[in-house]
Amino acid sequence: EVTRRLGRVVDHLRDLGGGNFSARLERQLLDRDDEIGQVAHAVDVMQTKRQAAEQELDASHEELVALYDDLEIAERTRADEALAESEQRYLMVIEQSPEAVLLFDPDTGKLVKGNAQFIAQFGFDPEKEPFLSISDLSVDSLENLQTVLNTVRRTGMLPAQRRLFRHRNGTL
């Protein structure tokens, strides 16, 4: 009888060691006043404390995930606001420039925005004519334009050189 009861406690400990924490010792083992009952009770207390610690850890993990998500959202919001402010400053500089400034998409060649000086000098308004591309303005060959666009995509910068553009009326 003693060996059988001790075997049940040992089997339970093996289950715990294997990761099965849901099984509990039988009440008749826990209620005994002998040494096996004391061992069973100690194992049960250990298992109960372990489960409580696991629940506390899970709750802490969920709280940390929520805090991290909130922090990530706040950081993204701050980054978005800083980007918007930077874009506004950039657009103000472009708008106030005495030189004709044109923004275009290097991937498509489509014109995105021109400042007031560009619109006055060339007669095109990219915001009102979204179908326009750099090839509509440039007198360069399509091959040269493709080389320029490839350079812009690769380096992020437009090579500094003199270029001829045509006005809406066809003049250079």
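Source: prediction; values computed, not measured.

## Remarks on the side chain of Q47
Link 1 in the chain: Checked against the element boundaries, Q47 lands in helix 3 (residues 35-96).
Link 2 in the chain: Using a relative accessible area of 2% as the deciding quantity, one classes Q47 as buried.
Link 3 in the chain: Excluding residues within four positions of it along the chain, Q47 makes contact with H12, L16, F21, S22, A23 and R24.

## Describing the layout of surface pockets
Link 1 in the chain: Reported here for the largest pocket is a volume of approximately 910 Å³.
Link 2 in the chain: In terms of lining, the largest pocket is formed by 36 residues, of which the most central are A100, V101, L102, L158 and F165.
Link 3 in the chain: The set of elements that each furnish at least two residues to the lining of the largest pocket consists of strand 1 (102-104), helix 4 (116-122) and helix 6 (142-155).
Link 4 in the chain: Grouping the constituent residues of the lining of the largest pocket by class yields 23 nonpolar, seven polar and six charged.

## Structural notes on the pattern of salt bridges
Link 1 in the chain: A full pass over the atoms with the stated rule returns eleven salt bridges.
Link 2 in the chain: Here R8 and E26 are joined by a salt bridge, their closest N and O atoms 3.0 Å apart. Of the two residues, R8 sits in helix 1 (residues 2-17) while E26 sits in the loop between helix 1 and helix 2 (27-30), which places them 18 residues apart along the sequence.
Link 3 in the chain: Residue classification places E26 among the partly exposed residues on the basis of a relative accessible area of 34%.

## As for a nonpolar patch on the surface
Link 1 in the chain: A cluster of nonpolar residues, V139, L164 and L172, forms a patch on the protein surface that exposes about 290 Å² of accessible area.
Link 2 in the chain: Among the residues examined, L172 registers a relative accessible area of 66% and is labelled exposed.

## Let's talk about the nonpolar core
Link 1 in the chain: L102, F104, L111, F118, F122, F124, L132, I134, L137, L145 and L149 form the largest nonpolar core, which has eleven residues in total.
Link 2 in the chain: The set of elements that each furnish at least two residues to this core consists of strand 1, helix 4, helix 5 (134-137) and helix 6.
Link 3 in the chain: In this view, I134 contacts L102, F104, G109, L111, L145 and F165; residues no more than four positions away in its chain are not counted.
Link 4 in the chain: Ranked by size, the runner-up nonpolar core spans eight residues in total, among them V9, L16, L30 and V43.

## Things to note about helix 3
Because an α-helix packs 3.6 residues into every turn, residues spaced three or four apart end up facing the same way.
Link 1 in the chain: The end-to-end C-alpha separation of helix 3 is 90 Å, in line with the 92 Å expected for 62 residues at 1.5 Å each.
Link 2 in the chain: When helix 3 is considered as a whole, its buried residues turn out to be I36, G37, A40, V43, D44, Q47 and I94.
Link 3 in the chain: Check the buried side of helix 3 and you find it contacts helix 1, helix 2 and strand 1.

What counts and how
- Residues numbered from 1 in each chain as written.
- Predicted model: local features only at pLDDT ≥ 70, side-chain atom pairs only at ≥ 80, totals over all residues.
- Heavy atoms only, no water.
- Helix = DSSP H or I, 4+ residues; strand = E, 2+ residues; numbered from the N terminus.
- Buried < 20%, exposed > 50% of the residue type's maximum accessible area, 1.4 Å probe, protein only.
- Contact = heavy atoms within 4.5 Å.
- 1 Å grid on protein atoms, 1.4 Å probe; cavity = no way out; pocket = protein on both sides within 12 Å on 5 of 7 lines; lining within 4 Å.
- Points joined across faces, edges and corners; volume = space filled by probe spheres on them.
- Nonpolar A, V, L, I, M, F, W, Y, C, P; charged D, E, K, R; others polar.
- Salt bridge = Lys/Arg side-chain N within 4 Å of Asp/Glu carboxyl O.
- Patch = residues over 30% accessible without salt bridge, like charges linked within 9 Å, V, L, I, M, F, W, Y side chains within 5 Å.
- Areas by Shrake-Rupley, 256 points an atom, 1.4 Å probe, with all protein chains shown as cover.
- Core = buried A, V, L, I, M, F, W, Y, C linked by side-chain atoms within 4.5 Å.
- Expected span 1.5 Å × (residues − 1).

Remember that the coordinates give geometry; whether it matters functionally is a separate question.
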